Amino acid sequence: MRNRLILLAFTFLGIPFILQAQTIRNTPHNLSISGQGITTASSASEMDMCSACHTPHRAVPQTPLWKQSATGTTYKTYNSSTTQAVIGQPTGSSLLCLSCHDGTIALQTNSIFSPHINFSGKNMQSIQGSSLSHDLSDDHPISFTYDASLAYADNELVLPSSLPKEIKLENEQLQCTTCHDPHNNMNGDFLTITNRYSELCITCHEKQYWNSSSHNNSSARWNGVGTYPWSHTPYQSVSENGCENCHEPHGAGGQERLLNYSSEEDNCLYCHDGNVASTDIQIQINKPYSHNVYKYIGLHNPEEQALLYTSHVECVDCHNPHASTNANASAPIANGFIRGVKGIEANGNGTTTIQFEYELCYRCHADSPNKPASPTSRQIDQDNVRLEFDLNNPSYHPVEGPGKNSDVPSLISPYSESSIIYCTDCHASNGASSPAGPHGSIYPHILKYRYQTDDNTPESFQNYELCYQCHERNSIINAMGMFGRKVHKKHIVRENASCNICHDPHGISSSQGNTTNNSHLINFDLSVVSPDPRTSKLEYVSLGHRGGECYLSCHGENHSPKRYR
Amino acid sequence: MAQNFRLNSKKSRDNINRRLLNLKALKISLRLLLFVTFFSGIIFRVYAQSESTPQNRHNSQEPSIYWIGQFPSDEKAIKTPNIFLRLFASFVGKKNPRLIRPFSVFMDRSDQLWVLDQGSHSVDRIQIDVGEITQLRRTKSTGFPSLVGICAAANGSVLFTDSKLNKIFLITKNSNSLQNLNNSTSLNRPTGIAYSQINKEIWVVETNAHRIAVLNNDGKLLRHVGHRGTGPGEFNYPTFIWIDHSGIVYVVDSMNFRIQILNEAGDVISIFGESGDATGYFSHPKGIATDSQQHIYVVDARANRVQIFDKEGNFLFNFGEQGTGKGEFWLPVGIYIDERDRIYVADSYNARIQIFQYKPGATNEK
């Protein structure tokens, strides 16, 4: 009995502390002079702390003297004006918040809301497309209807019926009070649910792949160098910041999509500069040949088609930050870094989720009308790399599938005739310690190693370092008997002709070439090779295993034809 | 930190005045005017008061408020004055500024409307007769994070506050430069600002310090008025301020839900108002101004209305309710009344300035 009494006493003793913790009294929302008001507190009588927001109802209105007949009006201050609301204007209880958070009584750090902003994905789209770019939507939208049809339309929103009890809608509308409980500051920022590990965001936003992504799971922290990346949260690791690594629910510099910064790449490179993420992508982008994401601003649109029409490159054209992981894969399967991104399949159809890495490259380097042109002028000209790598071609490097040639003795193990390679095995940042992927290189075409294409290049391992990664140098220039001597050694070593002059490294499209004239990636560089003056032919003819003849003129030497077997 | 910005070329500013004053002639030529404005791109259209305006249904013997116009008057016209300019703009990618969230408003003597726009983070100067907006920002890429109060100061200069930067900015007449009034004066969230022509003093409200700082023309602090509290001369989150031509100061003591009227020295003359939702009470009082008859106009953002009191605090009249139509408001904030008794209200979430006219009654009540 005595024990129970003590327990009871302690229970009651505890109550005031609990109450104090959960009421508005000790929060910044106590604007009465009893509040933790900044500066001096007066001993004067206390204003009712509720009336800062809750206007007392006056049943007896004052009568306007100018209209003696009029009787004055009692206003309903809590009117829900959804029916007359112009879309995007704040309604309901949000009006109450905004009338203080306007830079006077409260600062606007957490309450700037601009009119005429529509929410659902489709409408955002139309805003981007129109000239209404002056609409600053740097805050999470409020006062819009969040119902099942919106959830279905967005496809990445939780159904309103499954929201937890802390998340409240007001007449089906999302208001300030959905995320903020103005009476309770237990979670900081008056949040209804803490946003550590993005708990608050993900109660509504169900982003595909997010749960397993690195941005959700990485425990990486800032190394203390450069700019501190998480100035708008109290959290100090990638996983704790979650969505807020890149997004800011209020006052976002990037406005649309509430990104931290208006330049797309800044949202990535402030961490991916070696100071949070282990690799420095920024330094790669600044190399002379790069996918220069700094060059384009405001062209990328997340709703854009898989096939890219407006020429640009942003980090998010190749990476889906909601999906990226550091999972490895084997060619041609796309690895975790490029998980969940759009691409063009080998047959030319668009896909929202690539399966193979090359599908991503084909967004811009295949059927895109603004694709970069091929750097070498060849007898068969083709800028569409999808057509160059097609498995029906007479010859191609094995990107979509194993190559055509079943006898390639130069291949260095583990490569074999049945190997498949990535685009990024050749096109990647140079440097042994550089992160994978074609971010930037000191070599043209973002090649991982040196690949000299000029005529009169002395043969050396360094000059054809790229080719010699897979094709063993000694095997190319010294082995294979007569073929090696008469063809490779003769041209590459003695004549200083670049590999690139006879070989087209990507492949020759089946619509333009054939197995007789274009096997072994033969497609001559027209700036060096010209037609044979006697026969007027410019042609390679395959004569079977390690045999062939050429009709051409090169280095003043007419081949009309020259044959090897 | 002086920055350059482009000054507006002189326009025929007086045109609009004549139009407004000559309302009868306007009524006759209304159709012609609309026709002309449509084709010439003049976007400030004046609607002669229509019989259906609620404010107009009373006896004309009584003083009254008329809705006379708004800026922008037409969404399409504001984009560009004419098709060629629009085409040109589409080539050079120039965006035409427009109001986004006007917060405070001020009309200078050369009929230039000044608007503090918290949406575009810029100070907008508007030639209302041509609808041309000149936006002033701190630099090309940085705006003002939290513009609040604006007023005229000595020699035709204009002062405005930014409550986040804790600064008062000064634009001198005919100069192209924007300068800090006084870098060494430290202010704690300056919001409302007013200038006493009588004493040549700048009164700026420090909301977070619950007091008013009185400065001289150079921005040097002369004295503080008030401190936190609920008694006379004490403030709890004071916000907007107005000084009339006789030097009397009107302060919105927002979280005490009252108006305090002070003399030039800062002593209380009278106090009125309390919290409540009915007419004559305050919910979230914002901008304040007086007309030529010393009527006090107080904007209430929460109630979406403007209430008019006499200087004893008697409730005289109110207008406005929540909505997007003429005379309706969506979180109105700033108010300014010029010497012609034209009332400018910053209708913030309707992205416009609404303009009303006060007309004294045939028998003036005072």
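Not measured: the values here are computed from a predicted model.

Rules behind the numbers
- Residues numbered from 1 in each chain as written.
- Chains lettered and ligands numbered in written order.
- Predicted model: local features only at pLDDT ≥ 70, side-chain atom pairs only at ≥ 80, totals over all residues.
- Helix = DSSP H or I, 4+ residues; strand = E, 2+ residues; numbered from the N terminus.
- Contact = placed C-beta atoms within 7 Å.
- Buried ≥ 20, exposed ≤ 12 C-beta atoms within 10 Å, placed from the backbone.
- Pairing = 2+ DSSP bridges.
- Axes fitted to C-alpha atoms, helices over the stretch in contact; angles between N-to-C directions.
- Core = buried A, V, L, I, M, F, W, Y, C linked by C-beta atoms within 7 Å.

**Student:** Can you tell me about the overall build of chain B, naming the residues and giving the values?
**Tutor:** Looking only at helices and strands, chain B features 5 helices and 25 strands. In chain B, the share of contacts with a sequence separation of at least 24, taken over all contacts with a separation of at least 6, comes to 48%.

**Student:** Please set out the pairing of strand β4 (residues 112–117) of chain B residue by residue, giving values where relevant.
**Tutor:** All names here are of chain B. The buried count for β4 comes to 5 of 6 residues, which makes it a mostly enclosed element. Sheet topology note: the strand β3 (residues 102–107)/β4 ladder contains 5 bridges and is antiparallel. Bridging across to β4, S104 finds its partner in L116. Two elements, β4 and strand β5 (residues 122–127), share 6 bridges in a ladder whose sense is antiparallel. Bridge pairing links L116 to V123 in β5. Where β4 hands over to β5, the hairpin turn is made up of 4 residues, of which H121 adopts a positive phi near 55°.

**Student:** Describe unusual backbone geometry, naming the residues involved and giving the relevant values.
**Tutor:** All names here are of chain A. At the junction of A331 and P332, the peptide bond is cis and its omega measures out at 5° in the coordinates. Position of P332 among the secondary structure elements: in the loop between α11 (315–318) and β4 (343–344). Cis geometry is adopted by the peptide bond preceding P561, which originates at S560 and carries an omega value of -15°. The residue P561 is located in strand β11 (residues 557–564) in this model. Positive phi is not limited to glycine here, since H520 has a value of about 55°. Secondary-structure assignment places H520 in the loop between α17 (515–518) and β9 (539–542).

**Student:** Quick one: what's the story with the sheet that holds strand β15 (residues 238–243) of chain B, residue by residue and with numbers?
**Tutor:** Residue and element names in this part refer to chain B. One open sheet holds the 4 strands; their spatial order is β15-β16-β17-β18, and the pairing between them is antiparallel. The open sheet has two edge strands with one neighbour each: β15 and β18 (268–272). Here the strands of the sheet are splayed against their neighbours by 20° on average, with no regard to which way each runs.

**Student:** Lay out the pairing of strand β9 (residues 167–171) of chain B in plain terms, naming residues and giving numbers.
**Tutor:** Looking down a regular strand, the side chains alternate between one sheet face and the other. All names here are of chain B. A large share of β9 lies buried, amounting to 5 of its 5 residues. Residues of β9 alternate between two faces, with K167, F169 and I171 on one and I168 and L170 on the opposite face, all of them buried. As paired strands, strand β8 (residues 158–162) and β9 are joined by 5 bridges and run antiparallel to one another. What sits directly across from V158, in β9, is I171. As consecutive antiparallel partners, β8 and β9 are separated by 4 residues, and within that stretch N166 has a phi angle of approximately 55°, a positive value. With 3 bridges connecting them, β9 and strand β10 (residues 177–180) associate as antiparallel partners. Bridge pairing links F169 to N180 in β10.

**Student:** Explain the nonpolar core residue by residue, including any values.
**Tutor:** Within the largest apolar cluster, 106 residues are counted, with the highest numbers of intra-cluster contacts made by L159, I193, V204, I241, I288, Y297 and I335 of chain B. Setting aside residues no more than four positions away along its own chain, I288 of chain B makes contact with F240, W242, Y250, V252, I259, I296, Y297, V298 and I335 of chain B. Within the second largest apolar cluster, 56 residues are counted, among which are V316, I446, A497 and V528 of chain A.

**Student:** Describe the environment of V123 of chain B, listing the residues and the values that go with them.
**Tutor:** Residues and elements named next belong to chain B. With respect to the secondary-structure elements, V123 resides in strand β5. Looking at V123, the number of C-beta atoms within 10 Å reads 27, which means it is buried. The contact partners of V123, leaving out residues within four places of it in the chain, are W114, L116, L136, L147 and F160.

**Student:** Break down helix α12 (residues 357–365) of chain A for me, with residues and values.
**Tutor:** Residues and elements named next belong to chain A. Among the 9 residues that make up α12, 9 are buried, leaving the element largely enclosed by the rest of the structure. Buried within α12 we find E357, Y358, E359, L360, C361, Y362, R363, C364 and H365. Here the buried face of α12 lies against α11, β4, β5 (350–351) and α13 (385–388).

**Student:** Describe in detail the sheet that holds strand β22 (residues 315–319) of chain B, supporting the description with residues and values.
**Tutor:** Residues and elements named next belong to chain B. Pairing is antiparallel across the open sheet formed by 4 strands, whose spatial order is β19-β20-β21-β22. Bordering the open sheet on either side are β19 (285–290) and β22, each of which pairs with just one other strand. Neighbour to neighbour, the strand axes of the sheet diverge by 20° on average, direction disregarded.

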